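If you want the building blocks of each chain, they are given just below.
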Amino acid sequence: MLPINALPEILKGLLTSTKVKILVDLIKSFFTVRYGTTTKNLSRYSNTSLRTLFRFLKEPHDWLEIRIKLFGTLCFKKERIYIAAIDETVEGKSRKNSHGIGRFFSSMQGQPIVSLCFFALSLIDVVKRTSHMIGCEQVVYTDEDKARIKKDKAAREAAKMRAKKGQALPKGRKKGT
């Protein structure tokens, strides 16, 4: 179990004492929520208001450094062997309002699907056979990616139209090249 009382001492240099109190309260309420874990439910089970939780989550924190510090203090053992692993996770979505939604390849379905995509970095303890997630980043298409996809799609559509009209491109290498 996570020693919640030790968090203020561990995170002393990374977060202010007020932010550590909010984080500790957030973690305690996370373990208390009975049903869906939403920010609204977390605020119901905590001493922190919903608005304060939104402010805390909106501010940029160095979560990677916080996770590394927690791993190094609470989980790391010098005599153990650890392997770093990066994994891509695709989570299918049916609506269109999520940030970063796009078409990503799902190996389970064998085709691109409307989904969210995440890369996660984990350190795996070989002896205990447990994984400790250190970092997670969402994959979001940039404007350049969207333009490249649109251009490729237009080229495929043009090729289909040429094939339909019987005007396929000549096969092979052009003479003189």
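See the structure shown above.
The present account deals with the structure reproduced in this document.

Rules behind the numbers
- Residues numbered from 1 in each chain as written.
- Predicted model: local features only at pLDDT ≥ 70, side-chain atom pairs only at ≥ 80, totals over all residues.
- Heavy atoms only, no water.
- Phe/Tyr/Trp six-rings, centres within 6.5 Å; stacked < 30°, edge-to-face > 60°.
- Helix = DSSP H or I, 4+ residues; strand = E, 2+ residues; numbered from the N terminus.
- Buried < 20%, exposed > 50% of the residue type's maximum accessible area, 1.4 Å probe, protein only.
- Expected span 1.5 Å × (residues − 1).
- Contact = heavy atoms within 4.5 Å.
- 1 Å grid on protein atoms, 1.4 Å probe; cavity = no way out; pocket = protein on both sides within 12 Å on 5 of 7 lines; lining within 4 Å.
- Points joined across faces, edges and corners; volume = space filled by probe spheres on them.
- Nonpolar A, V, L, I, M, F, W, Y, C, P; charged D, E, K, R; others polar.
- Salt bridge = Lys/Arg side-chain N within 4 Å of Asp/Glu carboxyl O.

Here's the deal with the packing of aromatic side chains
Here the structure, examined in full by the defined rule, presents 6 aromatic pairs. Plain terms: the ring middles of phenylalanine 71 and tyrosine 82 are 5.5 Å apart, the flat faces sit at 80° to each other, and that makes the pair edge-to-face. With phenylalanine 71 in helix H5 (residues 63–74) and tyrosine 82 in strand E1 (residues 82–92), the pair connects residues that are 11 residues apart, well separated along the chain. Residues phenylalanine 71 and tyrosine 82 agree in their burial class; the two are buried. Aromatic side chains phenylalanine 104 and tyrosine 141 sit 5.0 Å apart centroid to centroid with 15° between the ring planes, which places their arrangement in the stacked category. Note that phenylalanine 104 is positioned in strand E2 (residues 102–106) and tyrosine 141 in the loop between strand E4 (130–139) and helix H6 (143–165), a separation of 37 residues in sequence. Put simply, the rings of Phe71, Phe76 and Tyr82 pair up and form one aromatic cluster.

Quick word on helix H2 (residues 17–32)
End to end, H2 covers 23 Å across 16 residues, agreeing with the expected 22 Å (1.5 Å per residue, within 8%). Where H2 is buried, its residues contact helix H1 (7–10), helix H3 (39–44), helix H4 (50–58) and H5.

With respect to unusual backbone geometry
Here the phi dihedral of arginine 129 falls at roughly 60°; this positive angle occurs in a residue that is not glycine. Examined against the element boundaries, arginine 129 turns out to sit in the loop between strand E3 (111–125) and E4. A residue is classified by how much of its surface remains accessible, and arginine 129, at 74% relative accessible area, is exposed.

Some thoughts on the layout of surface pockets
Roughly 990 Å³ of internal volume is contained in the largest pocket. Lining the largest pocket are 28 residues, with Trp63, Ile66, Arg67, Leu70 and Met133 positioned closest to its centre. Of all the secondary structure elements, the ones that give two or more residues to the lining of the largest pocket are H2, H3, H5, E3 and E4. Across the lining of the largest pocket, the residue classes break down as 22 nonpolar, 4 polar and 2 charged. Each pocket or cavity is described by its volume, and for the second largest pocket that value is around 290 Å³. Every residue along the wall of the second largest pocket is listed here: Arg95, Lys96, Ile101, Gly102, Arg103, Pro112, Val114, Tyr141, Lys146, Ile149, Lys153 and Arg156. Contributions of two or more residues to the lining of the second largest pocket are made by E2, E3 and H6. The leading source of residues in the lining of the second largest pocket is H6, at 4 residues. A breakdown of the residues in the lining of the second largest pocket according to their chemical character gives 5 nonpolar, 1 polar and 6 charged.

Digging into the pattern of salt bridges
Across all of its chains, the model carries 4 salt bridges by this definition. The partner of glutamate 9 in a salt bridge is lysine 12, and the shortest N-O contact between them spans 3.2 Å. Take glutamate 9: its relative accessible area is 55%, and that puts it in the exposed class. The shortest N-O distance in the salt bridge between glutamate 59 and lysine 19 comes to 2.4 Å. With glutamate 59 in the loop between H4 and H5 and lysine 19 in helix H2, this residue pair connects regions lying 40 residues apart in the sequence. Relative accessible area serves as the criterion here: at 21%, lysine 19 is assigned to the partly exposed category.

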